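Chain and residue survey
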Amino acid sequence: MKTIQHWINGSPATGTSRQTAPVFNPATGQEQARVALAGAAEVDAAVTAAATAFETWSQSSLTQRTQVMFAFRQLLVEHEEELGRIISAEHGKTVDDARGEITRGREVVEFACGLGDVLKGSFSDQVSRGVDVHNFRQPLGVVAGITPFNFPAMVPLWMHPIAIATGNTFILKPSERDPSAANFVAELYQKAGLPDGVFNVVHGGKDAVDAILTRPGIEAVSFVGSTPIAKYVHQTATAHGKRVQALGGAKNHAVVLPDADLDFAANHITAGAYGSAGERCMAVSVAVAVGEAADALVEVLQRKAREVKVGPGDQPGTEMGPLITKAAQERVENAVGTAHAQGATVVVDGRGLKVDGHEDGFFTGPTLLDHVTTEMDAYKEELFGPVLAIVRADTLDEAIDLINANPYGNGTALFTASGEAARRFQRNIKVGMIGINVPVPVPMSYYSFGGWKDSLIGDSPIHGPEGIRFYTRPKVVTTRWPQPTQQLAAGFNFPTSN
C-alpha cells in the first residue's frame with residue numbers, strides 16, 4: 001500500500017519514525033493509503049532545512065519572490081483538475097467543490113504576486129535638522145502552519161504564499177486525514193522555481209503539533225481548527241515565544257426576515273448548510289426565521305434539502321459527498337438523535353443513508369431540524385456536518401441578541417430587502433464576517449479572514465493586510481549624514497527634534 005511521505009528540503013523524506021496512519025476514501029469507506037507520522041526528529045529536520053534556506057531566500061529580491069509566485073499561480077491553474085481529484089478522493093467533497101477551494105486559495109497567491117505595492121514603506125524628510133526617518137518590514141524567519149482536513153488546499157494557501165513572498169521559509173503540518181494535497185503543492189512550488197527548503201511538509205498528529213509549538217527556531221505558527229485546539233496552540237506557542245494566528249470554530253447564523261425572497265434565501269442557505277457536507281467553518285448551521293417568515297421558510301428548506309443529490313465526489317451531478325471519517329458520520333448522526341430527544345422536530349432525516357454501489361461510504365444525508373432552542377446541544381455544539389437547525393425569533397432585534405449571546409462569532413448572514421434592517425444588523429452584530437444576502441461571506445484575499453469571540457483566539461486574522469503584518473516585523477531607521485566639515489555637539493539630554 002502507498003505510504004505518503006514528508007517533503008523536506010525539496011524531496012520526499014521518510015523520516016525516522018515508523019508510525020503511520022490510515023488514509024481513507026470516504027466514498028467507499030476503504031483504506032487507500034498510509035501516511036507517515038512525524039515526531040520531533042522530522043520537525044527538527046524540516047526546521048534545519050528551512051533555517052538554512054532562509055539565509056538566502058530572505059536576501060532574495062522582491063522581484064525574484066514574486067516571479068516564483070506568478071509561476072506557482074499558473075501551475076495551480078494548469079493542475080486544478082488533478083489537484084481537485086486528489087482532494088475529492090481523500091476528503092470526499094465533490095470535484096467541483098474542490099476546484100472552488102483551489103480557486104479561492106489561488107486568489108491569495110495573486111495577492112502575494114502584488115506585494116511590491118503593499119510592502120512599500122514610508123519616508124519622512126528633515127524631521128530634525130539634517131535628520132530623516134524611514135521604515136520597512138522584514139521577514140520573521142522560519143514559520144509554520146497547522147491546517148485542518150476540511151480545506152486541504154485552500155487553508156494552507158491562506159498562509160504560505162504570503163509567508164514565502166515576504167521572505168520567510170515555511171513548514172506545513174496538514175491534516176493526516178487528507179495529506180496528499182500538501183505534497184502535490186510542494187511539487188508545484190518546486191516546478192515554479194522555489195529553492196529547496198523554503199517550503200516543507202511534515203505529516204503527523206499531536207506529536208508533530210507539539211514539536212512545532214515548542215521547537216526553538218520557529219518564529220510564528222498559524223493555525224485553523226477547532227476552538228479548544230486553537231486555545232491550546234495559542235497558549236503553548238506563545239509560552240515558547242512565538243507569534244500565533246489561531247482561528248477556531250464557529251456556529252454561523254443566517255437570519256431570514258419576512259420581506260426576503262424566500263426561494264432565493266432557501267437556495268443559498270441550503271447550499272451554505274450542506275455544501276461540502278457541512279464540513280466548513282463558514283457553513284450555515286443555524287437559520288433564524290423571523291416572525292411570519294418561519295413556516296414558509298421551513299417548507300421551502302424542506303423541499304430543497306430533499307432535492308440535494310448525495311453521492312461520491314467524483315460522480316457527475318453529485319452536490320454533496322460523504323463525511324471525512326466513519327467517526328464523523330457517527331458523531332453527526334448521534335447529534336441528530338440527541339436533538340430529537342431534546343425536543344427538536346426532525347423535518348428531514350439524513351441518518352442511515354446508503355448510496356448504491358458505495359454502501360460502506362461515510363454518507364449522511366441533509367438533515368433539517370425545526371423548533372431548535374438555544375439550550376439544545378444541536379444549537380450549542382459545532383456539529384461540522386450536514387445539519388441545519390431552525391431557530392425562531394419574533395423580531396430582528398431578538399435575532400441579533402440571540403446571535404450576540406452565542407460564544408462564537410465567525411460568520412453570519414441576513415436575508416432581507418430592507419436597507420435599514422441590513423445596516424442595523426451589520427452595525428449591531430458581534431461577528432467578524434457578515435453577509436447581506438450572501439450566505440458564506442468569506443472575504444476576498446485582499447481583505448483579512450477572521451471572526452470574533454471564540455472563533456479567533458488572540459488578535460491576528462489571516463491573509464490580506466493582517467497576513468502581511470503577521471509574517472513581517474517593522475524597522476524604523478533614523479539617519480543623519482553630516483558634512484565632513486560639520487561639527488555637531490552631542491547632548492546628554494533626551495533627544496528632541498528641535
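Scroll up for the structure.
Report follows, based on the coordinates. (Residues numbered from 1 in each chain as written. Predicted model: local features only at pLDDT ≥ 70, side-chain atom pairs only at ≥ 80, totals over all residues. Heavy atoms only, no water.)

Points about the overall build of the protein chain
Note the threshold: Under the DSSP-based scheme used, a helix requires at least four consecutive residues in state H or I and a strand at least two consecutive residues in state E, with every element numbered from the N terminus. For a compact globule the rule gives 2.2 Å times the number of residues to the power 0.38, and the radius of gyration it is set against comes from C-alpha atoms. The cut-offs for exposure are 20% and 50% of the maximum accessible area for each residue type, with area from a 1.4 Å probe on protein chains only; residues under the lower value are buried, those over the upper are exposed, and the others partly exposed. To be clear on the numbers: accessible area is Shrake-Rupley with a 1.4 Å probe, and residue cover counts the displayed protein chains and nothing else. Positive residues here are Lys and Arg, negative ones are Asp and Glu, while His and the chain termini are left out of the count. We put the charge of a Lys on NZ, of an Arg on CZ, of an Asp on CG and of a Glu on CD.
Helix and strand content of the protein chain: 17 helices and 23 strands. What you see for the protein chain is a C-alpha radius of gyration of 25 Å, in line with the 23 Å of a compact globule of 498 residues. The principal-axis extent of the C-alpha atoms belonging to the protein chain is close to 90 × 60 × 40 Å. Expressed as a percentage of the 498 residues in the protein chain, the buried residues total 56%. Carbon and sulfur atoms make up 50% of the accessible area of the protein chain, which totals about 20,800 Å². For the protein chain, the separation between the mean place of its 42 positive charges and that of its 53 negative charges on side chains is 6 Å.

With respect to unusual backbone geometry
In this structure, Asn 9 is a non-glycine residue whose phi angle is positive, near 55°. Residue position: Asn 9 is located in the loop between strand E2 (6-8) and strand E3 (11-13). Classification of Asn 9 by relative accessible area gives partly exposed; the value is 40%. Of note, His 371 is a non-glycine position whose phi angle comes to about 55°, a positive value. Locating His 371 in the fold gives a position in the loop between strand E16 (367-370) and helix H14 (377-380). Judged by relative accessible area, His 371 falls into the partly exposed class, the value being 39%.

Re the pattern of salt bridges
Pairs can form between side chains of opposite charge once their charged atoms are near each other. Rule in force here: The term salt bridge refers to a pairing of a side-chain nitrogen on Lys or Arg with a carboxyl oxygen on Asp or Glu at a separation within 4 Å.
According to the stated counting rule, one finds 22 salt bridges in the structure shown. Among the salt bridges present, the one from Arg 99 reaches Glu 81, with a minimum N-O distance of 2.4 Å. Of this pair, Arg 99 sits in helix H4 (residues 95-113) while Glu 81 sits in helix H3 (residues 80-91), placing them 18 residues apart in sequence. Here Arg 99 falls in the partly exposed class, since its relative accessible area comes to 21%.

Focus: the packing of aromatic side chains
Here is the rule we go by: In this analysis, rings of Phe, Tyr and Trp, with Trp reduced to its six-membered ring, are considered paired at centre separations within 6.5 Å, and the interplanar angle assigns stacked below 30 degrees, edge-to-face beyond 60, and tilted for intermediate values.
Scanning all chains against the criterion turns up nine aromatic pairs. Relative to Phe 199, the ring of Tyr 189 lies with its centre 5.0 Å away and its plane at 50°, an arrangement referred to as tilted. Separated by 10 residues along the polypeptide, Tyr 189 in helix H8 (residues 180-191) and Phe 199 in strand E10 (residues 199-201) bring together distant segments of the chain. Taken individually, Tyr 189 and Phe 199 each receive the classification buried, so the pair is uniform in this respect. Among the aromatic residues, ring-to-ring pairing joins Phe 72, Phe 170, Tyr 189 and Phe 199 into one connected group.

Some thoughts on the sheet that holds strand E20 (residues 433-436)
Note the following rule: Any two strands with at least two DSSP bridges between them are considered paired. Every axis corresponds to a line fitted to the C-alpha atoms, with the helix fit spanning only the stretch in contact, and the corresponding angles, defined between N-to-C directions, vary from 0 to 180 degrees. Contacts were defined at the residue level, with two residues in contact if any of their heavy atoms lie within 4.5 Å.
With respect to topology, seven strands assemble into an open sheet ordered E15-E16-E17-E14-E13-E19-E20, the strand pairing being mixed. On the outer flanks of this sheet lie strand E15 (345-348) and E20, each paired with one strand and no other. For this sheet, the mean inter-axis angle between neighbouring strands, taken without regard to orientation, is 25°. Judged from the three bridges that link them, E15 and E16 form a sheet pairing that is antiparallel. Within E16, the position partnered with Thr 345 by the bridge is Asp 370. Strands in contact with helix H13 (residues 326-341) are E15, E16 and strand E17 (387-393); relative to E16, the strand with the most contacts, it is inclined by about 20°.

Observations concerning a nonpolar patch on the surface
Quick reminder of the rule: Each patch is assembled from residues with relative accessible area greater than 30% and no salt bridge, linking like charges that lie within 9 Å and nonpolar side chains (Val, Leu, Ile, Met, Phe, Trp, Tyr) that lie within 5 Å.
Together, Met 444, Tyr 446 and Tyr 447 make up a nonpolar patch on the protein surface, roughly 340 Å² of accessible area in all. Secondary-structure assignment places Tyr 446 in the loop between E20 and strand E21 (452-453).

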